[in-house]
Amino acid sequence: MSQTGDAQPVVRLRNIHKSFDSNHVLRGIDLTVGQGQHVVVFGPSGSGKSTLLRTTNLLETPDSGSVWFDGKEYGPGIEGEGLPRGKARLLRQEIGMVFQQFNLFPHITALDNVALALRRVRGMKRDKAEHKAATYLDRVGLLDKLGAFPSQLSGGQQQRVAIARSLVMEPKVMLFDEPTSALDPELVGEVLAVMRDLAESGMTMVVVTHEMGFAREAGDLNIFMDDGLVVESGGKELYSDAREPRTRAFFEAIL
Amino acid sequence: MFDFGVWILAQARFRPEFIWDNRDAFLGGVRLTVFIAIVAFALATVLGLGVALLRMSKNRLLAPIVAAYINIFRAIPLLVFVVFVYYGIAIQFDVKISAIQAGILVLTLQYSAWLGEIFRGGIQAVSDGQTQAALSVGMSRPQTFFRVVLPQAIRIVIPPTGNMFIGMIKDSSLVFIIGVPELFRVSSVMANRTFRYFEVYLGAVIFYLILTTAAYFGVKYLEKRFALVDVLTTRVRSPFARRRGVRLRMIQDAVASERESKSSGTATAM
Ligand SMILES: Nc1ncnc2c1ncn2[C@@H]1O[C@H](COP(=O)(O)OP(=O)(O)OP(=O)(O)O)[C@@H](O)[C@H]1O
Ligand SMILES: [Mg+2]
């Protein structure tokens with residue numbers, strides 16, 4: 001079975017390079033994410049996983065290579081292709097992102113965190129925006145926390161608000177950057193449960209995580225990154241039966 | 001040695017009602033002091049925000065110019081600066097400027113440098129993750145700054161900015177030197193005319209104390225006003241917060257009942 005699936009590609013990265021000063025962090029990444037596919041990204045610290053996600057929604061601009069989304073080019077592009085160019089801001093309205101540190105807006109309530117972009121980006125009226133935001137908070141089990149400020153919520157609750165904040169924009173793709181690694185162990189489950197539901201609902205997801213339970217269950221395509229490159233990718237056989245010694249060593253260490 | 005006779009004489013000469021009798025003159029000075037402090041502070045706040053933003057910009061030409069602006073205006077003693085602008089520049093270059101305008105200009109320039117540094121600190125204290133999160137839901141850069149970064153920075157800078165405002169009330173007395181009839185100038189003119197130095201300057205001290213104390217409580221109020229409370233779980237007194245609580249409860253009920261009807265709907269369909 002082809003791992004990129006027979007599904008329509010939604011996001012396509014080709015030959016992405018990114019350096020911070022002399023630190024060459026991404027060294028030619030290729031990744032195609034198909035409609036409804038769940039990509040799980042593995043790799044040691046510093047291998048460029050976060051930078052890869054941040055490049056996908058143009059929080060970082062790649063130095064070269066193509067970020068293709070829905071028929072448009074958002075990166076520097078590939079010479080001679082001449083695809084129509086898209087605006088980073090519009091891309092970000094279609095691609096949600098969940099951060100390791102939640103990054104909720106601490107000065108506004110949970111409800112306002114979720115409603116903010118509806119009002120300011122989608123231009124929705126306050127009543128409609130708040131109602132819709134509350135619906136999404138209900139979906140992550142936090143209807144009773146509408147008026148709470150982030151500092152009054154547990155880490156798990158904060159991360160669920162953050163997921164609702166992204167989902168409410170009805171993105172076509174969701175990016176997760178180690179969404180549970182800042183959480184106390186007893187709070188990991190509630191966040192993973194929301195992510196599982198989301199995966200089952202058919203959302204296209206790219207998830208950086210070392211939560212093997214989630215990966216086994218939801219991961220259609222697993223990729224192992226090291227040193228700014230995709231070393232190896234595949235199905236679940238990657239965990240126990242990788243070709244590359246580096247991949248094997250990595251999974252042996254975390255399993 | 002303590003001379004009881006002299007002490008008694010001094011007591012006999014102390015006439016506190018003198019302050020009350022001259023309240024109109026004092027209040028005229030107070031009014032101008034308040035006017036100068038508020039106008040100069042408002043201008044300095046706007047200018048300071050600009051200074052902070054330019055100082056943080058990646059522009060290789062502007063950033064060092066603004067850094068120089070900050071360092072120069074903070075370094076000149078205010079008294080010298082006032083005299084230099086009003087008697088020096090204005091006369092040399094024949095600039096038509098009133099003493100009040102000159103005073104406000106100098107206070108604005110110096111305070112914009114101080115406030116600029118405070119604002120820069122406040123803005124930089126807001127984590128980068130906030131900007132990324134705002135951008136990631138599709139907000140524009142200006143929206144991100146005004147809706148996410150600035151409101152957080154404001155909470156951070158309220159206390160030091162409040163201290164600057166209290167400082168402004170006090171520093172505004174320095175423009176007496178160019179003849180601006182604010183509280184201190186009015187007082188010293190009155191003292192020289194009546195020789196009632198103690199009463200007059202005691203009056204000045206009291207009025208400055210009232211002004212700075214009022215400003216202090218104003219700052220405390222702002223801090224409280226900007227504090228974050230959950231209107232659903234906290235007993236709130238302000239009518240605004242109470243209305244907000246009612247609203248949130250209505251939204252909760254509406255969403256919960258929609259969920260109920262949806263799940264019972266699917267149940268009957270099955
Ligand atoms: N904004 C930045 N400026 C400079 N260097 C950066 C920046 N972001 C990342 N880097 C560098 O890029 C490299 C890869 O970082 P990245 O965060 O993508 O790794 P990662 O795989 O997500 O690691 P971790 O598992 O620790 O999160 C690191 O060497 C890091 O120091
Ligand atoms: Mg990372």
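Cut-off values and rules
- Residues numbered from 1 in each chain as written.
- Chains lettered and ligands numbered in written order.
- Predicted model: local features only at pLDDT ≥ 70, side-chain atom pairs only at ≥ 80, totals over all residues.
- Heavy atoms only, no water.
- Helix = DSSP H or I, 4+ residues; strand = E, 2+ residues; numbered from the N terminus.
- Rg over C-alpha atoms; globule rule 2.2 N^0.38 Å.
- Buried < 20%, exposed > 50% of the residue type's maximum accessible area, 1.4 Å probe, protein only.
- Contact = heavy atoms within 4.5 Å.
- Areas by Shrake-Rupley, 256 points an atom, 1.4 Å probe, with all protein chains shown as cover.
- Lys, Arg positive; Asp, Glu negative; His and termini not counted.
- Charge placed at Lys NZ, Arg CZ, Asp CG, Glu CD.
- Buried area = accessible area lost by both parts, 1.4 Å probe.
- Salt bridge = Lys/Arg side-chain N within 4 Å of Asp/Glu carboxyl O.
- Near = heavy atom within 4 Å.
- Polar contact = N/O pair within 3.5 Å; in protein donor to acceptor, adjacent residues only side chain to side chain.

**What to know about the overall build of chain A**
(1) Moving on: Across its full length, chain A holds 9 helices and 10 strands.
(2) Moving on: Here chain A has a C-alpha radius of gyration of 18 Å; the compact-globule value for 255 residues is 18 Å, and the two agree.
(3) Moving on: Burial statistics for chain A: of 255 residues in total, 58% are counted as buried.
(4) Moving on: Taking all contacts inside chain A whose residues are at least 6 apart in sequence as the whole, residues at least 24 apart take part in 64%.
(5) Moving on: Summed over all atoms, the accessible surface of chain A reaches about 10500 Å², with 45% contributed by carbon and sulfur.
(6) Moving on: Positive and negative side-chain charges in chain A, numbering 29 and 33 respectively, have mean positions lying 8 Å apart.

**Some points on the interface of chain A and chain B**
(1) Moving on: Every contact between the two is made by 37 residues of chain A and, on the other side, 32 residues of chain B.
(2) Moving on: Overall, the association of chain A and chain B removes approximately 3000 Å² of surface from exposure, summing both partners, and the carbon and sulfur fraction of that is 57%.
(3) Moving on: At the surface where chain A touches chain B, the tally comes to 5 salt bridges.
(4) Moving on: Between B:Arg259 and A:Asp138 there is a salt bridge, with its nearest N and O atoms 2.6 Å apart.

**Quick look at the pattern of salt bridges**
(1) Moving on: Per the counting criterion, the structure on display carries 22 salt bridges over all chains.
(2) Moving on: Of the charged contacts, one joins B:Arg247 and A:Glu130 as a salt bridge, the two residues approaching to 2.5 Å between their closest N and O atoms. Here the residue B:Arg247 occupies a position in helix H11 (residues 239–269), and A:Glu130 occupies one in helix H4 (residues 126–139), the pair thus bridging two chains.
(3) Moving on: Relative accessible area serves as the criterion here: at 23%, B:Arg247 is assigned to the partly exposed category.
(4) Moving on: Two residues, B:Arg259 and B:Glu260, come together in a salt bridge whose shortest N-O distance is 3.6 Å.
(5) Moving on: On the basis of relative accessibility, which here comes to 37%, the residue B:Arg259 falls in the partly exposed class.
(6) Moving on: Within the structure, one salt-bridge network assembled from shared partners comprises A:Asp112, A:Arg126, A:Asp127, A:Glu130, B:Arg244 and B:Arg247.

**Focus on the site of ligand 1**
All names here are of chain A.
(1) Moving on: In the region of ligand 1, 13 residues are neighbours, and Ser45, Gly46, Lys49, Ser50 and Thr51 sit closest.
(2) Moving on: Here an oxygen atom of ligand 1 sits 2.5 Å away from a polar atom, N or O, in the side chain of Thr51.
(3) Moving on: The protein chains hide 60% of the 630 Å² of surface that ligand 1 would expose on its own.
(4) Moving on: Taken together, the elements giving at least two residues each to the shell around ligand 1 come down to strand E2 (23–34) and helix H1 (49–56).

**Topic: the side chain of A:Asn57**
(1) Moving on: Along the chain, the position of A:Asn57 falls in the loop between H1 and strand E4 (64–69).
(2) Moving on: Accessibility expressed as a relative area gives 0% for A:Asn57, which makes it buried.
(3) Moving on: In this structure, A:Asn57 is in contact with A:Leu91, A:Arg92, A:Ile95, A:Met97, A:Leu175 and B:Ser136, ignoring residues within four places of it in sequence.

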